[in-house]
Amino acid sequence: MAVDTSSQSVAKAAGEDVARGRSRGTGNRQGAVKRSLSTHWYAWAMVAPVVIVIGVIIGYPLVRGIWLSLTDANERNVERSIGVNHIPATYEFVGVDNYVDALTGNQFLSTLGWTLVWTVSCVSVTFALGLGLANLLNRRIAGRSVYRMLLILPWAVPGFVSVFAWRFLYNEDNGLLNKILAGGGIDAVPWLNDPTWAKFSVIAVNVWLGVPFMMVALLGGLQSIPGELYEAAEMDGAGALQRFRHITLPGLRSVSTTVILLSTIWTFNMFPVIFLLTRGGPGEATQILVTQAYKFSFEISPRDYAQSSTWGVLILILLMVFAAVYRRVLRKQGEVW
Amino acid sequence: MRRGIAATALVAALGVSLAACGSGDGSTGGGSKGSGELSGTVTWWDTSTVGSEDKVFKKLAEDFTKKHPKVTVKYVNVPFGDAQNKFKNAAQSGSGAPDVIRSEVAWTPDFANLGYLAPLDGTAALKDQDDFLKQAAASTKYDGKTYAVPQVIDSMGVFYNKKIFKEAGVEVPKTIDELKSVSAKIKQKTGKTGLYLRGDDAYWFLSFLYGEGGDMVNAETKTVSIDNPAGVKAFKTVKDLVDSGAAKTDATDGWNNMQTAFKDGKVAMMINGPWAVADTYAGKEFADKANLGIAPVPAGSAGQGAPQGGHNLAVYAGSKNLDASYAFVEYMSSPEVQTQVAKELSLLPTRSSVYGKSDVAMNEMITFFKPVVDKAVERPWIPEGGSLFAPLVTEYTKVLTNQTTPEQGAKTAGESYRKLLKDWK
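About the thresholds
Residues numbered from 1 in each chain as written. Chains lettered and ligands numbered in written order. Predicted model: local features only at pLDDT ≥ 70, side-chain atom pairs only at ≥ 80, totals over all residues. Heavy atoms only, no water. Helix = DSSP H or I, 4+ residues; strand = E, 2+ residues; numbered from the N terminus. Buried < 20%, exposed > 50% of the residue type's maximum accessible area, 1.4 Å probe, protein only. Contact = heavy atoms within 4.5 Å. Areas by Shrake-Rupley, 256 points an atom, 1.4 Å probe, with all protein chains shown as cover. Lys, Arg positive; Asp, Glu negative; His and termini not counted. Charge placed at Lys NZ, Arg CZ, Asp CG, Glu CD. Domains from an automatic or database assignment. Buried area = accessible area lost by both parts, 1.4 Å probe. Salt bridge = Lys/Arg side-chain N within 4 Å of Asp/Glu carboxyl O. Polar contact = N/O pair within 3.5 Å; in protein donor to acceptor, adjacent residues only side chain to side chain. Nonpolar A, V, L, I, M, F, W, Y, C, P; charged D, E, K, R; others polar. Core = buried A, V, L, I, M, F, W, Y, C linked by side-chain atoms within 4.5 Å. Pairing = 2+ DSSP bridges. UniProt positions renumbered as here; feature names shortened; annotations may be inferred. pLDDT = per-residue confidence, 0-100. Phe/Tyr/Trp six-rings, centres within 6.5 Å; stacked < 30°, edge-to-face > 60°. Lys NZ or Arg CZ within 6 Å of the ring centre and 35° of its normal. Axes fitted to C-alpha atoms, helices over the stretch in contact; angles between N-to-C directions. Patch = residues over 30% accessible without salt bridge, like charges linked within 9 Å, V, L, I, M, F, W, Y side chains within 5 Å.

**Quick look at the overall build of chain B**
At step 1: Check the secondary structure of chain B and you find 18 helices and 14 strands.
At step 2: The dimensions of chain B, computed from C-alpha atoms along their principal axes, are 85 × 55 × 45 Å.
At step 3: Sorting the 425 residues of chain B into buried and exposed places 60% on the buried side.
At step 4: The long-range share in chain B, meaning contacts at least 24 apart out of those at least 6 apart in sequence, stands at 74%.
At step 5: For chain B, the computed accessible surface area is about 17200 Å², with 53% contributed by carbon and sulfur atoms.
At step 6: Distance from the positive charge centre (49 side chains) to the negative charge centre (48 side chains) of chain B: 3 Å.

And the structure:
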């Protein structure tokens, strides 16, 4: 009855092409290692290539990123090979200077502030809408499968296509949204050109992209709640709201805690929506931590690899702390994931 | 036995994936050895406007094979906005970079400083160097060597819609104050906006900055000047233009919105350069080419100023076909090709000899822009020249969208410059 919230495919469909995957620290016990090697050597042999590949494509960049964040590496002093010329690296170790700069300057903290606002509003709105729609679709209503198809559509469209479509809709002069508003006699809204509207607009697009996943996951959760519980509650005279509060919500908890955690991590790092819609603009109004880190290492010249890695490591630490705290809170409530 | 099969399968799978990785760089060997006849492939990254300029450049580039039948030219159009980044990525990793790149004037010293470009001194690319306009050649030199050949030179002017001006009964504005009154009159008579001012690219801010007597930096005295009173005044000027309704702006998609609005006759003026001419002619408002008027940018309190820009052709230091690339650069900047480009696209040649030709002399856009270019403000040709735009555009957009004051915007931009340019005042 468990719901399959296969994160890979979901991430792809929601337009997050960021390779993700963090080991959860599989602590090996000493004595067990030898025993498991002798009995399960074949399994280990099968796993080895995967472990090696993951080590190369995740472990190495991670370690290198942490190392770069402790140096003053930039485009001018890193190792380069230009045709036959090979220019050696000349950057130096600077200790935690980059971290001190980031945490004492106001750029990191102000970007973090907006990133938190962005994450909390996206996740809460997406969850609320997803839950509402899931409840709707869990009933026997006419044309249910058509609704389902339509509601899953945003998920089926590649992320960058949806974001570009939204950019056209938001266009102040030629966009469809303002044309519709003009029909109603309302002045054009500067969707992406005013800092406040731009913030609203990026959140709206991310919610639009995120709702199908929430809806499908929660719908699965709803269907796993036994119907007898509702019947019994109805017999006891419980109203619709009471049934929702005391049966639906607790019954969904294992699913909803997981999707909220996933969705928080994804939204926090939701690069494509911000980057493709506003590039962090106007000014720096919608810049979140990851898009700013990208800017450091790809948009400014000379590219500042050290600062970019520093921000990357800080993002990683923030998310790890969040996951740990979240997990502890859940465990207190008797949930394990 | 089963074990053997598993191991074989594993090895085979790894082999296949490794082979797939290795085949990515399908490089083109060759070059000229011995015989003197050039051969191989020259990949050229062009950054010209798709839909208008690119067709002409593609054809001209491919015509190179008429002179050197054994050389294949691979034309690739890379959007201008992405090209700098893409080239840096490719050049740094040492694979995937083109042999020749159309490098914006500010990029050239930056690329040269990073070691990505091949010095051209003493090669075929620098034929008849004395013929190049001095200003155009300025950005190709870095640290005593020449790293590029000027391809086109440009500056900015006001493009205006003659029909709208006639309807509103106004003359082309010569100063910022006139610009404001003309815009007001246009709005009153036709309901249209006077000026479209790009808010997402700091290059469009430079005319106003120079007009107030300001500049980003002063390379001679090694001082940052964006945050001096002239800089602040320039920020105030553009903000006032937008706030008063004389100009409209956008923080995203500025280029497309500007071209669409102007081509459809929704705005009466825009500030732009020769690179926009071919695209503008394609608009329905300019089916009759005579409807497009062009004038110097309105003067600020200190006078009239427009930035000098343009593009160079540079050869990638890691090119496998250096000789063919040099010859290609020489060909693309030759008087014949420049004449053709000027005739078909109204882009300004960089060779003084070309201006004497009748095709060029008769082109209205070129006869207009040549004196503008002669007076245009030269930008500092330092490696950081291109880096000055990123902090400036952030502050520029912030000022236009009321997120910061002109004073604060200028101050913040100045601070970023001092961080970028160590030891500058």
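**Things to note about the domain arrangement of chain B**
Residues and elements named next belong to chain B.
At step 1: Segmentation of chain B into domains returns domain 1 (16-154 + 309-374) and domain 2 (157-306 + 384-421).
At step 2: Each of domain 1 and domain 2 has a C-alpha centre, and these two points are 29 Å apart.
At step 3: Listed as interface residues are 13 residues of domain 1 and, on the opposing side, 17 residues of domain 2.
At step 4: Across the interface of domain 1 and domain 2, roughly 1400 Å² is buried in total on both sides, 69% from carbon and sulfur atoms.
At step 5: Among the residues of domain 1 in contact with domain 2, Met365, Phe368 and Phe369 are the three that bury the most area, contributing 36% of the side total.
At step 6: Applying the counting rule to domain 1 against domain 2 returns zero salt bridges.
At step 7: Linking domain 1 with domain 2 are zero residue pairs in polar contact (both at pLDDT 80 or more).
At step 8: Per element, the largest residue contribution to the side of domain 1 that touches domain 2 is three residues, and it comes from helix α16 (residues 364-375).
At step 9: Grouping the constituent residues of the side of domain 1 that touches domain 2 by class yields seven nonpolar, four polar and two charged.

**Side note on the nonpolar core**
All names here are of chain B.
At step 1: In terms of nonpolar packing, the biggest core is built from 113 residues, with Met269 and Met332 touching the most fellow members.
At step 2: At seven residues, the largest contribution of residues to this core is made by helix α13 (residues 322-332).
At step 3: Here this core spans two domains, and each of domain 1 (16-154 + 309-374) and domain 2 (157-306 + 384-421) adds at least three residues to it.

**What to know about the interface of chain B and chain A**
At step 1: Each side of the interface is counted separately: chain B has 37 residues, and chain A has 33 residues.
At step 2: Between chain B and chain A, roughly 2800 Å² of surface is buried when both sides are summed, and carbon and sulfur atoms account for 42% of that area.
At step 3: Looking only at chain B, the three residues that lose the most surface to chain A are Gln92, Leu114 and Thr252 of chain B, adding up to 20% of its buried area.
At step 4: Note that Glu75 of chain A is salt-bridged to Lys88 of chain B, the shortest N-O span being 2.9 Å.
At step 5: Where chain B meets chain A, there are 13 residue pairs in polar contact (both at pLDDT 80 or more).
At step 6: Among the secondary structure elements, those contributing two or more residues to the side of chain B that touches chain A are α1 (2-22), α4 (80-93), α5 (107-113), α11 (254-263) and α17 (389-400) of chain B.
At step 7: When grouped by side-chain class, the residues that make up the side of chain B that touches chain A number eleven nonpolar, 17 polar and nine charged.

**Topic: the sheet that holds strand β13 (residues 292-295) of chain B**
All names here are of chain B.
At step 1: An order of β11-β8-β12-β7-β13 is seen for the five strands of this open sheet, with the pairing classed as mixed. Of all strands in the sheet, those bounded by a partner on one side alone are β11 (247-248) and β13.
At step 2: As paired elements, strand β7 (residues 157-161) and strand β12 (residues 267-272) share four bridges and run antiparallel to each other. By the bridge assignment for β12, Gly157 is matched with Asn272.

**A short note on the UniProt feature "transmembrane region" (unreviewed entry) in chain A**
At step 1: UniProt marks residues 41-63, 116-137, 149-169, 200-222, 255-277 and 305-326 of chain A with the feature "transmembrane region" (unreviewed entry), using the numbering shown here.
At step 2: Along residues 41-63 of chain A, the helical share is 100% and the strand share 0%, with 29 Å between the first and last C-alpha atoms.

**Things to note about the confidence of the model for chain A**
Residues and elements named next belong to chain A.
At step 1: Averaged over all residues, the pLDDT of chain A equals 84, while 89% of them reach at least 70.
At step 2: Taken element by element, chain A is modelled with least confidence in helix α1 (residues 7-13), mean pLDDT 42, and with most confidence in helix α4 (residues 106-137), mean pLDDT 93.
At step 3: Within the model, pLDDT remains below 50 along residues 1-25, and this stretch shows 35 contacts once partners closer than five positions in the same chain are excluded.

**Some details on the packing of aromatic side chains**
At step 1: Under the counting rule described, the total for this entry stands at 40 aromatic pairs over all chains.
At step 2: A ring pair is formed by Phe108 of chain A and Trp311 of chain A, whose centres lie 5.0 Å apart and whose planes are at 85°; its orientation type is edge-to-face. Taken together, the positions of Phe108 of chain A in helix α4 and Trp311 of chain A in helix α13 (residues 305-332) put the pair 203 residues apart, joining distant regions of the chain.
At step 3: For Phe108 of chain A, a relative accessible area of 3% corresponds to the buried category.
At step 4: Assessed through its relative accessible area of 1%, Trp311 of chain A is described here as buried.
At step 5: Centroid distance Phe80 of chain B to Trp107 of chain B: 5.1 Å. Interplanar angle 15°. Geometry classified as stacked. Here Phe80 of chain B, found in helix α4, pairs with Trp107 of chain B, found in helix α5; they are 27 residues apart in sequence, far enough to count as distant.
At step 6: By the ring-pair criterion, three or more aromatic residues cluster together here, those being Trp45, Phe80, Phe87, Trp107, Phe111, Tyr116 and Tyr316 of chain B.
At step 7: In this structure, Lys289 of chain B is placed above the aromatic ring of Tyr281 of chain B, and the distance from its NZ or CZ to the ring centre is 4.7 Å.

**As for the environment of Leu177 of chain A**
Residue and element names in this part refer to chain A.
At step 1: Within the fold, Leu177 resides in helix α7 (residues 176-183).
At step 2: Here Leu177 falls in the partly exposed class, since its relative accessible area comes to 24%.
At step 3: Separated by 20 residues in the primary sequence, Leu177 and Val157 have C-alpha atoms spaced 20 Å apart.
At step 4: The residues contacting Leu177, other than those within four sequence positions of it, are Leu169, Tyr170 and Trp191.

**Describing the sheet that holds strand β14 (residues 309-315) of chain B**
Residue and element names in this part refer to chain B.
At step 1: Read across the sheet, five strands follow the order β2-β1-β3-β14-β6 without closing on themselves; strand pairing throughout is mixed. Across the chains shown, the open sheet's two edge strands, defined by having one partner strand only, are β2 (71-77) and β6 (148-154). Mean inter-strand twist for the sheet, computed between neighbouring axes without regard to direction, equals 20°.
At step 2: In terms of strand pairing, strand β1 (residues 40-46) meets β2 through seven bridges, oriented parallel. Its bridge partner lying in β2, Gly40 is registered against Val71.
At step 3: The sheet strands contacting helix α2 (residues 53-62) are β1, β2, β3 (100-104) and β6, and the helix crosses β2 at an angle near 165°.

**Quick notes on a positive patch on the surface**
At step 1: On the surface, Arg327, Arg328, Arg331 and Lys332 of chain A cluster together into a positively charged patch.
At step 2: Relative to the helices and strands, Lys332 of chain A resides in helix α13.

**With respect to the pairing of β6 of chain B**
Residue and element names in this part refer to chain B.
At step 1: Here β6 lies mainly inside the structure; seven of its seven residues are buried.
At step 2: One ladder, built from six bridges, connects β6 with β14; its direction is antiparallel. Paired with Pro150 across the bridge in β14 is Asn312.

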